[in-house]
Amino acid sequence: MAASVAAAAGPLRRAIRRSPQWPGPSRRALSSEAPPTQAAAVRDAFLSFFRDRHGHRLVPSASVRPRGDPSLLFVNAGMNQFKPIFLGTVDPRSEMAGFRRVANSQKCVRAGGRHSDLEDVGRDLSHHTFFEMLGNWAFGGEYFKEEACSMAWELLTQVYGIPEDRLWVSYFVGDPKAGLCPDLESRDIWLSLGVPAGRVLSFGPQENFWEMGDAGPCGPCTEIHYDMAGGVGAPQLVELWNLVFMQHNREADGSLQPLPQRHVDTGMGLERLVAVLQGRRSTYDTDLFSPLLSAIHQGCGAPPYSGRVGAADEGHTDTAYRVVADHIRTLSICIADGVSPGMSGAPLVLRRILRRAVRFSTEVLRAPPGFLGSLVPVVVETLGDAYPELQRNSAKITNLVSEDEAAFLASLQRGRRIIERTLRRLGPSDVFPAEVAWSLSLSGNLGLPLDLVKLMLEEKGVQLDSAGLERLAQEEAQHRAQQAEPVQEQGLQLDVHALGELQRRGVPPTDDSPKYNYSLQPSGGYEFGTCEAQVLQLYTEDGTSVASVGEGQRCGLLLDKTNFYAEQGGQTSDRGYLVRVGQQDVLFPVARAQVCGGFVLHEVAAPECLKVGDRVQLHVDEAWRLSCMEKHTAVHLLNWALRQVLGPGTEQRGSHLNPERLRFDVATQAPLTPEQLRAVEGTVQEAVGQDEAVYMEEVALSRTAHVPGLRSLDEAREVGQSLTQEVEAAAARLSQGSRDVAEAQRLSKDMGRLTDVVDTAVMPQWQRRGLQATLKALQRRANTAIRKLEMGQAAQKTQELLQRHSEGPLIVDTVSAESLSVLVKVVRQLCKQAPSTSVLLLSPQPLGQVLCACQVAQSPTPAFTAEAWALAVCSHMGGKAWGSRVVAQGTGSTADLEAALSTARAYALNQL
């Protein structure tokens, strides 16, 4: 028996640690009675069992859009909506406060954020971005381990008819370091239910101890697994059901304390359960997906789906089937719950999912235009009875998907041409240029998800310049940070001489009326038109007028007309791209547009030659523009609300907005009190509730206070309450102190993350101000703690190095350091204690990265500079360096540290 248990432990551990591919094609009957053959019957049987046999209250699935929880992009587990109960923050007057026994089927999306299966969808037979989580809960000790295990065993074996000999269970073996004893209670319960000892296995905290986060309710869990092998050969186990027993609380200092109330929290994936009950080798072979796969086959004319994976899936046909089937379910569910493809956060993830589905359907399955939207009725047919919001929003979902599909198809075709054209210019060993990939991406001009660009290159056996891509991402982040502030760099400008020359030549001001060439579609989305124009003049970065610009130049571009909204009135400018008429596969990115004396100057990066007289077609970044439009209307509405609350004498003094935030400056007699801010918020909400149409008209500033209603997208008060709790928890953790630099840095990062969330979240302004002030003080305390810990760590490492090295002109060595900051402090302290010594230290990091810091001894005529020394060493490691003549730092990657150290010594000795 011991040998068989040991043999099974390996597969079980692997099954616990990752979602496995469904291993076997076994289809033998699970019992003498016919099991439920339809997924709807499986779902109904679960809910009926807990309602009718065990007195549970059935609650509807929460929206996949989290309410009051900015830490989540999507609801990703059944317990999300019950977090207030687990955390003890539930309003005692609310309906939820009365919950005792509850069951439901929860819509879950795992795409983006901490829990994301997006990259795995299609590659195997089990991953999904949308799935249904069947769960039952007992709050406040209503029942606990014995009842939960007995109910689960009863449902699986008696209702669903799964043979007992195909079920295995695991329980928590304990954790002596944390003072946690083995969960022998769960073990004994399973044995009493008749599970043989050989199929009751124990594992540690990674597998069988569940935690909500770094702090909060937690406890041991026991899991039920199904043996796909059915007794033939070694067990092949997949997890079916996780039963969590919340009986501890993880305190801010990391310690565990017993909870005053115990809870049961269980979760079982419907798709996996249905596959087991229908004897299928894959979740995609169940009736949850077979109607979709059939509709895809009929709509595309591709070969029928055959369930192949990996190298066996020639042409990636079956992968595409799985991607499209999964993604259209996710899109339909999300849009029905009010999450539409957009520019940031969850909407950006959804936009990426839609474009990924379009790419696979068109390029791999050769689907006709409009195909993706035609699948929505199939999703409604399979899931609409369980989730009626799909039926109510069917037309809206179809229209939104179809419109975005059509827009993306044009971008995808152009992106494909650009990739092919770029590849023809590369050598056999060249990597694909990061700049081109960036211009194709969601952050660039065409809106192709970067994972799609990588996949398209991967299919052609071409490697992408990942380091360059990371650099561009950092630059984009810096640019966004600058965009958040009202003061920005001026960029290219037309000076008085350039304007005078244009007027002397009789060049008319730019016609920018096409910027209003957009329309609201029946689905609620906007359609933006393109604009064809002629190049009138080109300017170099220093403002010199030229007839043409060459490849790689940044230039100013003057056109006879434009559909770009130029930066003015506090609103940031549009961005997008233009192409030459007749040459659609070369993109000229447009970073911004500015008005200079009536002329709109476009700031353009030219990948190829562009000259006066060229005809071009302009495309605005639609998501960027729409987000600016929303903020623009919000400014007018806020102006009106302030006048309503504070009186007609209230004057707007300025505003600034970009796609991510807005700032409004107003002149008042005194700072607004929290009560006044609440009143302004109430006035805005009242107008929002009217949901009236919004009209555009160019009018004098004095009339801008009378803008009709505006639709709001979030319940802002819930976000504010949730963030207040998070800030309080962070303050408690900080008060406990940090044991080491890594912990202190995690705390500091948490403060930074919370600050970013508070700055951008839709929440009451009076509450935001208080949280911002608190977080600012907490961040100072966290940074002070880091500096003290780093100085102490650096002092210790300095003494160790001085003991290893005798006096001399040079110290070149390796040292363990958690960050460049620590490494630089070690170097400085070494040089302070040995002022005539030049020091260079390397610190190896995970995944082969190496940190570098150095300082040269000071003298009237230094032999070499620190910056040059660091550059020589980091270049050897394929990295980069920066700094000054005295102190420098850098990074690189190498598996041969000795070679890098030799390079450092040789460089310094040659200079000395």
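All of these numbers come straight from a predicted model, not from anything done at the bench.

**Q** Talk me through the overall build of the protein; I want residue IDs and the actual numbers.
**A** Looking only at helices and strands, one finds 26 helices and 27 strands in the protein. By the burial criterion, 51% of the 912 residues in the protein qualify as buried. In the protein, of all internal contacts separated by at least 6 residues, the share reaching a separation of at least 24 is 70%. Entry remark: accessible area of the protein is about 40,700 Å², with carbon and sulfur atoms responsible for 50%.

**Q** Quick rundown of the confidence of the model for the protein? Include the residues and the values.
**A** Mean pLDDT for the protein: 84, with 89% of residues reaching 70 or above. Low pLDDT, under 50, characterises residues 484-489; the stretch is placed with 14 contacts to residues that sit more than four places away or in other chains.

**Q** Go over the nonpolar core, please, and point to the residues and values.
**A** By size, the foremost hydrophobic cluster in this structure holds 122 residues, and its most contacted members are Tyr160, Trp241 and Leu372. When residues of this core are assigned to their parent elements, the largest contribution, 11 residues, is made by helix H9 (residues 317-336). With residues near it in sequence (within four places) discarded, Trp241 still touches Phe46, Phe50, Asn136, Ala152, Leu155, Leu156, Thr222, Glu223, Ile224, Thr266, Gly267 and Met268.

**Q** Talk me through the environment of Arg355; I want residue IDs and the actual numbers.
**A** Of note, Arg355 is situated in helix H10 (residues 345-364). C-alpha of Arg355 to C-alpha of Leu448: the two residues are 93 residues apart in sequence and 7.1 Å apart in space.

**Q** Can you explain the packing of aromatic side chains? Please cite residues and give values.
**A** In this structure the tally under the stated criterion is 18 aromatic pairs. Ring plane angle 65 degrees and centroid distance 5.9 Å describe the contact between Trp153 and Trp190, whose orientation is recorded as edge-to-face. One end of the pair, Trp153, is in helix H4 (residues 145-159); the other, Trp190, is in helix H5 (residues 184-192), and 37 residues separate them in sequence. Overall, the relative accessible area of 5% leaves Trp153 in the buried class. Trp190 gets classed as buried once you look at its relative accessible area, which sits at 0%. Among the aromatic residues, those joined into a cluster by ring pairs are Phe82, Phe86, Phe99, Trp137 and Phe139. Between Arg262 and the ring centre of Phe144, over which it is positioned, the NZ or CZ distance is 4.0 Å. The lysine or arginine in question, Arg359, covers the ring of Phe360, its NZ or CZ lying 5.4 Å from the ring centre.

**Q** Any details on the sheet that holds strand E23 (residues 810-814)? Residues and values, ideally.
**A** As summarised here, the arrangement of the five strands in space is E23-E24-E25-E27-E26, forming an open sheet in which the pairing is mixed. Strands at the two margins of the open sheet, each flanked by one partner only, are E23 and strand E26 (880-883). Strand-to-strand, the axes of this sheet are offset by a mean angle of 10 degrees, without reference to chain direction. Pairing geometry for E26 and strand E27 (residues 887-893), over four bridges, is antiparallel. Residue pairing in the sheet places Gly883 in a bridge with Ala888 of E27.

**Q** Account for the packing of helix H25 (residues 866-876) against helix H26 (residues 897-911), with residues named and values stated.
**A** Here H25 crosses H26 at 150 degrees, and the two axes come no closer than 9 Å. Comparing their axes, H26 and H25 come out roughly antiparallel. As for how H25 packs across H26, the hand of that crossing is right-handed. Counting all contacts with H25, which are made through Ala868, Trp869, Ala872, Val873 and His876, the residues of H26 involved are Ala899, Ala900, Thr903, Ala904, Tyr907 and Ala908.

**Q** Break down the environment of Ile296 for me, with residues and values.
**A** Mapped onto the secondary structure, Ile296 falls in helix H8 (residues 290-300). In this structure the C-alpha to C-alpha distance between Ile296 and Ala325, which are 29 residues apart in sequence, comes to 7.9 Å. Here Ile296 is in contact with Gly301, Tyr321, Val324, Ala325, Leu365, Phe371 and Leu375, once residues within four sequence places are set aside.

**Q** How would you explain the environment of Ala148 if you had to name every residue and give the values?
**A** Mapping Ala148 onto the fold places it in helix H4. Judged by relative accessible area, Ala148 falls into the buried class, the value being 3%. Sequence separation of Ala148 and Trp137 is 11 residues, and the distance between their C-alpha atoms is 8.9 Å.

Procedures and definitions
- Residues numbered from 1 in each chain as written.
- Predicted model: local features only at pLDDT ≥ 70, side-chain atom pairs only at ≥ 80, totals over all residues.
- Heavy atoms only, no water.
- Helix = DSSP H or I, 4+ residues; strand = E, 2+ residues; numbered from the N terminus.
- Buried < 20%, exposed > 50% of the residue type's maximum accessible area, 1.4 Å probe, protein only.
- Contact = heavy atoms within 4.5 Å.
- Areas by Shrake-Rupley, 256 points an atom, 1.4 Å probe, with all protein chains shown as cover.
- pLDDT = per-residue confidence, 0-100.
- Core = buried A, V, L, I, M, F, W, Y, C linked by side-chain atoms within 4.5 Å.
- Phe/Tyr/Trp six-rings, centres within 6.5 Å; stacked < 30°, edge-to-face > 60°.
- Lys NZ or Arg CZ within 6 Å of the ring centre and 35° of its normal.
- Pairing = 2+ DSSP bridges.
- Axes fitted to C-alpha atoms, helices over the stretch in contact; angles between N-to-C directions.
- Parallel < 35°, antiparallel > 145°, perpendicular 65-115°, else oblique.
- Left-handed = near helix turned anticlockwise from the far one by under 90°.

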